[in-house]
Amino acid sequence: MTEKILRAHLVEGTYKTGNDIGIHIDQTLTQDATGTMVYLEFESLGIDHVKNELAVSYVDHNTVQVGFENADDHAYLQSVAAKIGAVFSRPGNGICHQVHLERFGKSGATLLGSDSHTPTDGGLGALAIGAGGLDVALAMAGRPFHLIVPKIIEIRLSGKLKPWVSAKDVILTVLEHFTVKGNVNTVFEYTGDGVTDLDVPARATICNMGAECGVTTSLFPSDRETLRFLAAQGRGEAYRPFAADKDAVYDGLFEIDLANVTPKAACPHSPGNIKDIKDLAGMEVDQVLVGSCTNSSYTDLVKTARILDGHVVSPKVSLGVAPGSREVLQMISENGILSSLVRSGARILESACGFCIGNHQSPKSRAVSLRTSNRNFEGRSGTKDAQVYLVSPETAALAAIYGKVTDSATVDIPYPVVSMPDRYDADDSMFIFPPKDGSEVKVVRGPNIGDPPKGVPLDDRLYGVATIKVGDKITTDHIMPAGARLKYRSNIPAYSTFVFENIDSDFSRKAAENRDAKVANFIIAGYSYGQGSSREHAAICPMYLGVKAVIALSIERIHQANLCNFGILPLTFRSEKDYQSVVQGDTLEMDDVHAMVRKGEFVLHDVTQGADIALDLVATDEQKEMLLHGGLLNLLRDQRQDEADRNGNP
Ligand code: SF4
């Protein structure tokens, strides 16, 4: 299936596993936290109008408006969307992935989003990929998106899920097997008879959280269930049937009998730290939150309400419910489900990312918080010592009633069988569709809207310091904190003061001092550096602070691309021993950097330790050019200038 879609969209390169190829992108999506930078970058390309089939700008992340900054961002996004021909989804309309699935997703299409959970649309058979903002801006400008032809792993499903077990438990089973590292440049394709037991919202939950494994994307076939969902959304024309060929050859196989899947939880502080619910039963719970782009569909909320029906939330628990979209909220408000949730004591939250990104609902100190979302990195909830567990809506609802993690086998509550509705209450009135000609639209730029910073061409000699050394699984949340800091995302100098805030609060001061003294900053890291969110700020802000290289045992796919886009060398140690040998504060140097970039092999001299260390640069030829020019924006500017010179236009 993946190969069929990639081949149908291939515009550059040769299709062969491991090759770098360019594909045409049909649709793009952005959300506000990454989106302001995407549109600023798009504007800096000097292109008037979106060139792909559909671009949608969602506002779902920074909807809590304390201070003017978020509202400034929203006003900019609304006006620039009208100017360049993008659809604008207004605040309150819902979470980008849930809304896109409902209203725009198309089977067989390519979708690129400036958010790592863009693969959600794989649930209806789209090849949906998360990427850095600049890659999305370029796709909107009609340029091909470059990726490595992935390995394709078949996840063959058989059987049927038992009561009290749902899609979240399936993806937690996948995470238990594949873990959160070692899956770069891989796609998970779901096949087998068990697929027919899963409706599109369930498939979307599974694809959504495949992102936690670090895969490029996840994909379900487009079949009768897909048509049923799209027809219920009044969008049957978006359906294109396809499935894997019977003799399709895969790079690996993982089989799951759905009947054997048990309720599970991802335990603190990683989505890959999986335990069975029966082993956690009895653990007291302080907070339960149902929502996020993983589990906020109509069926998820109806199930939650039916389990809670006739009960009042335990006095020990604060229960919050955030519908994934205005469509879901409207439907549950009209059929009595909303009042049932309210009667049970649920706090109804805005249809937005909210708690998932730590924007609100931070739990009390040392709290146990059960959430249906997809990430439980330390501190992401806004409370550093909170213990966050990721669970299904069923497990969440039982914990809300009993005040503790509860094994469904021990309760006397009938399992609610909830089917997808035959007709969704679709209402597109909160989208603002762009005018045919936006040239007269005035773009609104409040004081929170800055310019995208530009890098400087790479020096041939780098002399600097290991400004910070970190361990394994450093997420982009560690590099650029979200929550209360999110509102600075359109203001790079201000946001840069928070780089690594929760690991080394002095990092940004030290790095800025080095930069001003013309001393390069190096980041030393363990395995899976840059996992998690696609936020390109985790590259932009370090670039602004004068970081010249990240040297790690491994670097995650989207972050590696973001580092190249912003002119930071993504280098990997050949030996774990060398990673161990570098000490924070060591003086480091590299000579003949340009030649080493072209070769893809580096020698780092650790002056303090008196050692030479072998490193690899894993980058495509185009990425090497970006690195030499100081980032993709510089490369494009220089290419435009070269073309103008050739045409005699200075
Ligand atoms: S993971 Fe959370 S913050 Fe990211 S898009 Fe989904 S709901 Fe929003």
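Residues numbered from 1 in each chain as written. Predicted model: local features only at pLDDT ≥ 70, side-chain atom pairs only at ≥ 80, totals over all residues. Heavy atoms only, no water.

With that settled, the discussion passes to the site of the ligand. Near the ligand, the surroundings consist of His61, His97, Asp115, His117, Ser292, Cys293, Cys353, Cys356, Ile357, Asn374 and Arg380. Looking at the shell around the ligand residue by residue, the classes come out as four nonpolar, five polar and two charged. Three or more residues apiece are contributed to the shell around the ligand by two domains, here domain 1 (2-260) and domain 2 (264-410). (Near = heavy atom within 4 Å. Nonpolar A, V, L, I, M, F, W, Y, C, P; charged D, E, K, R; others polar. Domains from an automatic or database assignment.)

Right, let's talk about the layout of surface pockets for a bit. Gaps between atoms show up when a probe of the same size as a water molecule is rolled over them. In this structure, the largest pocket encloses a volume near 720 Å³. Forming the boundary of the largest pocket are 36 residues, of which Ile148, Arg557, Gln560, Ala561 and Gln623 lie nearest the centre. Elements that contribute at least two residues to the lining of the largest pocket include exactly helix H5 (133-140), strand S8 (145-148), helix H18 (557-565), strand S24 (569-573) and helix H21 (621-629). Here the lining of the largest pocket takes five residues from H18, the largest share from any one element. Per-class residue counts for the lining of the largest pocket are 17 nonpolar, twelve polar and seven charged. (1 Å grid on protein atoms, 1.4 Å probe; cavity = no way out; pocket = protein on both sides within 12 Å on 5 of 7 lines; lining within 4 Å. Points joined across faces, edges and corners; volume = space filled by probe spheres on them. Helix = DSSP H or I, 4+ residues; strand = E, 2+ residues; numbered from the N terminus.)

The next thing to look at is the nonpolar core. Of all hydrophobic cores here, the largest spans 112 residues; its most connected members are Phe500, Tyr529, Ile551, Leu569, Met590 and Phe602. Setting aside residues no more than four positions away along its own chain, Met590 makes contact with Asp460, Arg461, Leu462, Phe522, Ile551, Leu571, Met596, Phe602, Val603, Leu604 and Leu615. Leu319, Val321, Val391 and Ala396 belong to the second-largest nonpolar core, a separate cluster that totals 51 residues. (Core = buried A, V, L, I, M, F, W, Y, C linked by side-chain atoms within 4.5 Å. Buried < 20%, exposed > 50% of the residue type's maximum accessible area, 1.4 Å probe, protein only. Contact = heavy atoms within 4.5 Å.)

Bringing the packing of aromatic side chains into the picture now. A complete count under the given rule lists ten aromatic pairs for this structure. Ring centres 4.6 Å apart and planes at 5 degrees place the aromatic pair Tyr190 and Phe220 in the stacked group. Taken as a pair, Tyr190 in strand S10 (residues 186-191) and Phe220 in the loop between strand S11 (217-219) and helix H8 (224-232) lie far apart in primary sequence, 30 residues in all. Just as Tyr190 is buried, Phe220 falls in that class too. Ring centres of Phe431 and Phe433 lie 6.0 Å apart, and the angle between their planes is 55 degrees; this geometry places the pair in the tilted category. We classify Phe433 as partly exposed; its relative accessible area is 46%. In this arrangement the basic side chain of Lys469 is found over the ring face of Tyr579, its NZ or CZ atom lying 4.5 Å from the centre. (Phe/Tyr/Trp six-rings, centres within 6.5 Å; stacked < 30°, edge-to-face > 60°. Lys NZ or Arg CZ within 6 Å of the ring centre and 35° of its normal.)

Along the chain, Pro268 connects to His269 via a cis peptide bond; the corresponding omega equals -10 degrees. Backbone geometry at Arg366 places phi at a positive 60 degrees, although glycine is not the residue there. Phi is positive for Asp592, close to 55 degrees, though the residue is something other than glycine. Looking at where Asp592 falls in the secondary structure, it is placed in the loop between strand S25 (587-590) and helix H20 (593-599).

Along the chain, Ser79 falls in helix H3 (residues 69-84). A C-alpha to C-alpha distance of 6.8 Å links Ser79 and Lys442, two positions 363 residues apart in sequence. The contacts of Ser79, once residues within four sequence positions are left out, are Val441, Lys442, Val443 and Val444. Within the structure, the side chain of Ser79 is placed 3.0 Å from the backbone oxygen of Ala75, a separation counted as a polar contact. Engagement of the side chain of Ser79 in a polar contact is seen with the backbone nitrogen of Val444, the distance being 2.9 Å. (Polar contact = N/O pair within 3.5 Å; in protein donor to acceptor, adjacent residues only side chain to side chain.)

This brings us to the sheet that holds S8. One open sheet accounts for three strands, arranged S1-S2-S8; its pairing is antiparallel. Strands with a single pairing partner mark the edges of an open sheet, and in this sheet they are strand S1 (10-12) and S8. Within the sheet, the average angular offset between the axes of one strand and its neighbour, ignoring direction, is 50 degrees. The pairing of S1 with strand S2 (residues 20-23) spans two bridges and is classified as antiparallel. The partner of Glu12 across the bridge, within S2, is Gly22. Running at roughly 50 degrees to S1, helix H1 (residues 2-9) makes contact with S1, S2 and S8 of the sheet. (Pairing = 2+ DSSP bridges. Axes fitted to C-alpha atoms, helices over the stretch in contact; angles between N-to-C directions.)

What follows concerns the pattern of salt bridges. Should their charged atoms come close, side chains of opposite charge can pair. Considering all chains together, one arrives at 32 salt bridges under this definition. With a closest N to O distance of 2.7 Å, Arg445 and Glu43 form a salt bridge. You can see Arg445 sitting in the loop between strand S20 (431-432) and strand S21 (462-469) and its partner Glu43 sitting in helix H2 (residues 32-44), a full 402 residues away along the chain. On the basis of relative accessible area, Arg445 is assigned to the partly exposed category, the value being 46%. Here Lys106 ties to Glu53 by a salt bridge, and the two come within 3.0 Å at their closest N and O atoms. One end of the pair, Lys106, is in the loop between helix H4 (96-103) and strand S6 (110-113); the other, Glu53, is in the loop between H2 and strand S4 (54-58), with 53 residues separating them in the sequence. Judged by its relative accessible area of 23%, Lys106 is partly exposed. (Salt bridge = Lys/Arg side-chain N within 4 Å of Asp/Glu carboxyl O.)

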